[in-house]
Amino acid sequence: MNFELTKEQQMLKDMVRSFAEKEIKPYAQELDKTSGFNEQAFKKMGELGLLGIPFPEEYGGSGGDTVSYAIAVEEIGKACGGTGLSYAAAISLGASPIFYFGTEEQKQEWLVPMAKGETLGSFGLTEPNAGSDAGGTRTKAVLDGDEYVINGEKCWITNAGFARQIIVTAVTGKKDNGRSIISAIIVPADAPGVTISCNYDKMGVRASNTCEIVLENVRVPKENLLGDSQKGFSQFLYTLDGGRISIAALAVGIAQAALEKALQYAKERVQFGQSISKFQAIQFKLADMATEVELARNLVHKSAWLKDQGKPFGKEAAMAKLFASETSFRASNQAIQIHGGYGYMKEYDVERFLRDAKLLEIGEGTSEIQRLVIARHLGC
Amino acid sequence: MNIYVLLKRTFDTEEKISVANGQIQEDGAEFIINPYDEYAVEEAIQIRDDKGGEVTVVSVGNEEAEKQLRTALAMGADKAVLINTEDDVENGDQYTTAKILAEFLKDKEADLIIAGNVAIDGGSGQVGPRVADLLGMPYVTTITEIKIEGESVHIVRDVEGDSEKIETKLPLLVTAQQGLNDPRYPSLPGIMKAKKKPLDELELDDLDLDEDEVEAKTETIAVFLPPKKEAGRILEGELSDQVQELVNLLHSEAKVI
Ligand SMILES: Cc1cc2nc3c(=O)[nH]c(=O)nc-3n(C[C@H](O)[C@H](O)[C@H](O)COP(=O)(O)OP(=O)(O)OC[C@H]3O[C@@H](n4cnc5c(N)ncnc54)[C@H](O)[C@@H]3O)c2cc1C
Ligand SMILES: Cc1cc2nc3c(=O)[nH]c(=O)nc-3n(C[C@H](O)[C@H](O)[C@H](O)COP(=O)(O)OP(=O)(O)OC[C@H]3O[C@@H](n4cnc5c(N)ncnc54)[C@H](O)[C@@H]3O)c2cc1C
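These numbers were taken from a predicted model, which means no experiment stands behind them.

Caption draft 1: Molecular detail of the site of ligand 1. Residue and element names in this part refer to chain A. Around ligand 1, the surrounding shell holds 18 residues, and the nearest of these are Thr 126, Ser 132, Trp 156, Thr 366 and Glu 368. Residue Thr 126 places a side-chain N or O atom 2.6 Å away from a nitrogen atom belonging to ligand 1. Side-chain polar atom of Thr 366 to an oxygen atom of ligand 1: 2.6 Å apart, as the coordinates give it. Coverage of ligand 1 by the protein chains reaches 65% of its 970 Å² of free accessible surface. Tallying contributions element by element places strand E3 (residues 147–158) first for the shell around ligand 1, with three residues. Here the shell around ligand 1 spans two domains, since at least three of its residues come from each of domain 2 (122–229) and domain 3 (233–377).

Here it is as structure tokens:
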């Protein structure tokens, strides 16, 4: 057993922390207000190799591990939840499926520029009528000669407004048992028939770009099929397993930020002649927050470590996602409570933490779905 | 160009610092590269990239300083040397550090040595000039710009907010002031590469130095935090009375006049 980060992981943590303090955190409030996207930060993250952490050097990556990636997501999310979500989605959803399942040509064409931080990619699974139940996907892709013709609609797709390509899930046929065969296809964002509109007025993670995508007779070469045409479903389940680690890491980042803010405020705020951190009621809140953050982080690091060891990590990733996102929500809520009336004001950041944290209980599988996944792993 | 950078690991003075039993508590402190030394590393890398050669970062300290040296390697330095004095030096001062560094550097044929202007912990600003003196090398402190053309060096240095231009020659020691450059972050590929770069560890023995040769010339009597800032007071009443009261307070309470 060894709970220590390696020197490289520690250096990465220091680097991302000071980068995020300087290049991300100062913009968080403004981007929350305007729902803007910090393109400049993404450019710089690309230059620092942060968009290619878990990919090997031969594909333009930095050759880091999942633990390093989780550390980076935590630090970026601590500075700005929305930027953190876009960062996590760019790697886990935009780039990773191509790394896991792509052909050599697809990796060269699509993965390398993403890993180098030159482009962003999206993953379009969710549809108006297919969220938790991705089996209900209605988008269709029909092979016509050498091309797939795609029709359908995707909603709430992260980073699509800045993406060079979107991995779209679509029904390509029916199995003998009547279930749909779902495949994943790489669709260039500028292909004719693709309409991307990013007008959602979101509760939180407002610095993250979220879009609706309409696909009308979109034609892409059949070589754009990603991975096995029959196994699209299990492929994206695997992708989501990995993505959960990063959402959990993001949750830890927000929870840590909430804890730090609340602790600092509690020490400074004087009521009844002493700082409120002297009241046991406040101390117990802070003690609970700190304990949960520590537990959540350990679970994130453990699931990342399992993935790095090539061991099964699906159950732990679901547990990490479930516990960390709920911890994040509770910690943000308590941070507001400790701030009293000030916490209710935007200026103090903690109410934004709560709005950002809420998404983490929904995106990449709701808390209910995480519990379902865990229960299945338990053999229910 | 053979460039050496003097680098110190120091606690982050922007974080909370606590003192107990006359010593700064290292437990809760965050440790960083002394910020002025970060400018030195950045400048050395830029000069190396421009003129070729090699950048070696040297630190006198304990094993913990390896992290800061690795960070400098990740930024782009080529080699690092840690002179570990943990077992040999109990209470060093600027003389100690300078003596050790000079002993290490004396046969290295350095063209340029860059140090920080001051270390933010001790704040003496002595190590750079002392090393130069021991090496018999010219030095320029608090530089904000440096251009090298052949053997000649054009420098702008900060003199309490004004600028002074200096022409000098290599070999040379300079100390870096804020404004010299904008230090880069160590990139992730840089961090991965740093793993494979050489980091040598030396002790006093390896430099043929005895403990008494580097014994501190000064003695630290006490370490304490500055007094807590009290809340301000606003004087009231007629203006002339306020002036009278202010003068009285400056005299009797603040005892500055
Ligand atoms: C900001 C944001 C960014 C997003 N980014 C992306 C993206 O990049 N790509 C992408 O494909 N999708 C994305 N999504 C979509 C997200 O993954 C879905 O919102 C999520 O999977 C939930 O689906 P749904 O919203 O349709 O909710 P529903 O599935 O309709 O769920 C509604 C409620 O019913 C519960 N529920 C559903 N099924 C069950 C069950 N079997 N048992 C118990 N409870 C159940 C859910 O837990 C939830 O509480 C994003 C969403 C948001 C808000
Ligand atoms: C939208 C809004 C509308 C408002 N409208 C009005 C209004 O119309 N009129 C008006 O007068 N005020 C109003 N307020 C102020 C509101 O009543 C105060 O915010 C509230 O009483 C809490 O005080 P505080 O914000 O100073 O928090 P604090 O008193 O500083 O409390 C901070 C935290 O410390 C805890 N705490 C404090 N003392 C103790 C203790 N002894 N033991 C344990 N825990 C303790 C609190 O429970 C809280 O968690 C409003 C506030 C808001 C946000």
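Caption draft 2: Highlighting the pattern of salt bridges. Residues and elements named next belong to chain A. Summed over the entire model, instances satisfying the criterion amount to 39 salt bridges over all chains. Of the charged contacts, one joins Glu 75 and Arg 17 as a salt bridge, the two residues approaching to 3.1 Å between their closest N and O atoms. Separated by 58 residues along the polypeptide, Glu 75 in helix H4 (residues 66–79) and Arg 17 in helix H1 (residues 7–23) bring together distant segments of the chain. Residues participating in the shared-partner salt-bridge network are Lys 261, Asp 349, Arg 352 and Asp 356.

Caption draft 3: Spatial organisation of the nonpolar core. Membership of the largest hydrophobic core comes to 132 residues, with the highest contact counts inside it found for Leu 50 and Tyr 87 of chain A together with Leu 112, Ile 146 and Val 174 of chain B. Take this core: its biggest share by element is 17 residues, from helix H7 (residues 232–268) of chain A. Apart from the residues within four sequence positions on either side, Ile 146 of chain B is in contact with Glu 43, Ile 47, Leu 112, Val 153, His 154, Ile 155, Val 174 and Leu 180 of chain B. Ala 98, Leu 101, Ala 110 and Leu 209 of chain B belong to the second-largest nonpolar core, a separate cluster that totals 24 residues.

Caption draft 4: Just the interface of chain A and chain B, in detail. Taken residue by residue, the interface counts 19 residues in chain A and 15 residues in chain B. Carbon and sulfur atoms make up 68% of the surface buried where chain A meets chain B, a total of about 1,500 Å² over both sides. In terms of surface lost to chain B, no three residues of chain A exceed Lys 7, Glu 8 and Met 11 of chain A, which account for 39% of the buried area on that side. Counting the contacts that link chain A with chain B gives three salt bridges. At the boundary of chain A with chain B, the tally comes to two residue pairs in polar contact (both at pLDDT 80 or more). Within the side of chain A that touches chain B, the residues separate by chemical class into six nonpolar, six polar and seven charged.

Caption draft 5: Fine view of the confidence of the model for chain B. For chain B, per-residue confidence averages 93 on the pLDDT scale, and residues scoring 70 or more make up 100% of the total. Both scores are given for the predicted complex: the pTM is 0.90, the ipTM 0.82.

Caption draft 6: Structural view of the state of the cysteines. Residue and element names in this part refer to chain A. Enumeration according to the criterion identifies one disulfide over all chains in this entry. Across the disulfide from Cys 198 sits Cys 211; the S-S distance is 2.3 Å. Its S-S torsion of approximately 90 degrees makes the covalent link between Cys 198 and Cys 211 right-handed. One end of the pair, Cys 198, is in the loop between strand E6 (194–197) and strand E7 (210–221); the other, Cys 211, is in strand E7, and 13 residues separate them in sequence. With no disulfide of its own, Cys 80 has Cys 211 as its nearest cysteine by sulfur position, at a separation of 16 Å.

Caption draft 7: Region of the structure containing the site of ligand 2. Residue and element names in this part refer to chain A. If you check the shell around ligand 2, you find Arg 269, Gln 271, Phe 272, Ile 276, Phe 279, Ala 281, Ile 282, Gln 337, Ile 338, Gly 340, Gly 341 and Met 345 and nothing else. For ligand 2, an oxygen atom lies 2.7 Å from a polar atom in the backbone of Gln 337. Protein chains bury 43% of the 970 Å² of accessible surface belonging to ligand 2 in isolation. Only helix H8 (280–308) and helix H9 (314–339) provide two or more residues apiece to the shell around ligand 2. For the shell around ligand 2, the residue count by class is seven nonpolar, four polar and one charged.

Caption draft 8: Region of interest: a nonpolar patch on the surface. Residues and elements named next belong to chain B. On the surface, a nonpolar cluster with roughly 630 Å² of combined accessible area is contributed by Leu 239, Val 243, Leu 246, Val 247, Leu 250, Val 256 and Ile 257. Following the sequence through the fold, Val 247 ends up in helix H6 (residues 239–252). Using a relative accessible area of 40% as the deciding quantity, one classes Val 247 as partly exposed.

Reading the values: the criteria
Residues numbered from 1 in each chain as written. Chains lettered and ligands numbered in written order. Predicted model: local features only at pLDDT ≥ 70, side-chain atom pairs only at ≥ 80, totals over all residues. Heavy atoms only, no water. Near = heavy atom within 4 Å. Polar contact = N/O pair within 3.5 Å; in protein donor to acceptor, adjacent residues only side chain to side chain. Areas by Shrake-Rupley, 256 points an atom, 1.4 Å probe, with all protein chains shown as cover. Helix = DSSP H or I, 4+ residues; strand = E, 2+ residues; numbered from the N terminus. Domains from an automatic or database assignment. Salt bridge = Lys/Arg side-chain N within 4 Å of Asp/Glu carboxyl O. Core = buried A, V, L, I, M, F, W, Y, C linked by side-chain atoms within 4.5 Å. Buried < 20%, exposed > 50% of the residue type's maximum accessible area, 1.4 Å probe, protein only. Contact = heavy atoms within 4.5 Å. Buried area = accessible area lost by both parts, 1.4 Å probe. Nonpolar A, V, L, I, M, F, W, Y, C, P; charged D, E, K, R; others polar. pLDDT = per-residue confidence, 0-100. Disulfide = S-S within 2.5 Å. Patch = residues over 30% accessible without salt bridge, like charges linked within 9 Å, V, L, I, M, F, W, Y side chains within 5 Å.

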